[in-house]
Amino acid sequence: MKTALVQELEGRILQIDEWKEIGRFGSEMLRYNVVDGILGAELHNVDQEMRYLYRVRDMITLSEYFERGDMSVIGLTGLLEQLVQILTCCQEYFLDEKNLLMQCDFMFWDEKQQQLWIPYLDGYDKKVNEGISRLLEKFMDTMNHQDKELAFLVYGLHRISRDRHFDLHKLSDFLDGNRKKPVPQRSEDRRERNVLQSEDDSPPQMPFQGEENSRQKPEQPWGKWVAFAAVSAVIGIILYQAGMIQDPVSGGLDLRRSSILLVVLLAAGYCYHKKGSMRHGQTRKIVREVDKKTKDNTIQLVSTCTDETIMLEQTEEGNWMVNLIPQDWHRQEIKIRKSPFFIGKDVTKADEIIGEGEVSRVHVKVVADAQGVFLIDQESTNGTFVNGRQLVPWERCRLKDGDMIGISSIYYKAELYS
């Protein structure tokens, strides 16, 4: 099957060629009936081959939608509920849900109508649960793993989709239960969300102790001047009693000497007040700078295992080379030269085969891009370990040169070359 997403004047068109035609019931039915969420194809005979055209216009693919990395629990739940409705509509219109193109690159999202659309292709015949599983795995590559509520929802849905006895009602019941069930938050999570909310709403921030005291007790300049006047009067009385500002002839107050003393006292008071104001301004400036630095340091977090949102489609192969050196001398070295790279015991799906029974069929995935090399556990039975820490399934863990990797109980040392 040859596919292409073509940009025409009237919008985007999904084009499928070289497809072995098996019946036309679905395509003909959708030609004369509009079913919400299901895209029908326009059939054209080109060079004795059937061409299927789906006019998606300005809609975006789910891959493009997921790459934004801003989908919340409510958004994902609503998307999957629409998917369940589409699958239910297939049964109502006698369409085979296995013929829905359940791939993120072929599923489309209408941003204006907030509607999911899936192309229908006669004879596609793929299992629905496998399509949902691939959709969730694609979402796991770009979601925020620090959102615990979102992570638990995705892992739970993925487990249901991979169940051998998959039932659409189980998926629907799980979504309904997740919508009604409140998720408890730890005190640390509540504090973190309160901090984020306060940053978004920009309310008054808590000041430092010195700043708080200055706000609670505002400056009163007239109080200082009253104190200064009282001190000046005391000094004047002392000098008068000492005879320093008395007229030696009449014994009264000498106006010339008193005027000089008053000017000196006023100049001294002005200099004192000016110096205090400058010192107070410098203190407030220092407090603001310290406050700013403290905020900056609080935001910056450094971790070996990161949950950054990285678009896998932007992978630049060849920029990274990884060698996994076995700790057992009789095992072979694993050389990773492409991304993604799968390790497991399934010869049809894994790029590197480890035949031991304790290794899962697809145990771990290695992806490389401009941000580095990442190890992703594929819900293995016996776990994947990095430096003794077991990875959460689908967690993106950044690898460093010299890290010790455990694939179940088989250990390798990672050597990274850029």
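Conventions we followed
Residues numbered from 1 in each chain as written. Predicted model: local features only at pLDDT ≥ 70, side-chain atom pairs only at ≥ 80, totals over all residues. Heavy atoms only, no water. Pairing = 2+ DSSP bridges. Helix = DSSP H or I, 4+ residues; strand = E, 2+ residues; numbered from the N terminus. Core = buried A, V, L, I, M, F, W, Y, C linked by side-chain atoms within 4.5 Å. Buried < 20%, exposed > 50% of the residue type's maximum accessible area, 1.4 Å probe, protein only. Contact = heavy atoms within 4.5 Å. Patch = residues over 30% accessible without salt bridge, like charges linked within 9 Å, V, L, I, M, F, W, Y side chains within 5 Å. Areas by Shrake-Rupley, 256 points an atom, 1.4 Å probe, with all protein chains shown as cover. Salt bridge = Lys/Arg side-chain N within 4 Å of Asp/Glu carboxyl O. Lys, Arg positive; Asp, Glu negative; His and termini not counted. Charge placed at Lys NZ, Arg CZ, Asp CG, Glu CD.

Caption draft 1: Here's a closer look at the sheet that holds strand β11 (residues 341–344). Spatially, five strands are ordered β12-β11-β13-β14-β17 in an open sheet, and the strand pairing comes out mixed. Each end of this open sheet is capped by a strand with a single partner; those strands are β12 (352–353) and β17 (396–398). As judged from the two bridges shared by β11 and β12, these two strands associate in the parallel manner. Residue pairing across strands places glycine 344 opposite isoleucine 353, the latter belonging to β12.

Caption draft 2: Main features of the nonpolar core. Counting residues in each nonpolar core, the largest one holds 48 residues, and the members touching the most others are Ile38, Leu62, Leu76, Leu83 and Leu100. With ten residues, helix α3 (residues 73–92) is the largest single contributor of residues to this core. Excluding anything up to four places from it in sequence, isoleucine 38 contacts Leu30, Ile86, Cys90, Leu95, Leu100, Trp117, Ile118 and Tyr120. The next biggest cluster of nonpolar side chains, apart from the first, holds 23 residues, and it includes Ile336, Ile343, Leu375 and Ile407.

Caption draft 3: Expanded view of the environment of aspartate 351. On the secondary structure map, aspartate 351 appears in the loop between β11 and β12. Considered as a pair, aspartate 351 and isoleucine 334 are 17 residues apart in the sequence and their alpha carbons are 9.9 Å apart.

Caption draft 4: Representation of a positive patch on the surface within the structure. A surface patch of positive charge is lined by Arg164, Lys345, Lys349 and Arg361. If you trace the backbone, arginine 361 turns up in the loop between β12 and β13 (364–369).

Caption draft 5: Layout of the pairing of strand β2 (residues 11–17). Most of β2 is tucked away: seven of the seven residues are buried. Across seven bridges, the pairing between strand β1 (residues 2–8) and β2 is antiparallel. Paired with alanine 4 across the bridge in β2 is glutamine 15. Where β1 folds back on β2, the antiparallel hairpin that results is connected by two residues. When β2 meets strand β5 (residues 49–57), the two strands line up antiparallel, connected through five bridges. When the sheet's bridge partners are listed, isoleucine 13 is paired in β5 with arginine 55.

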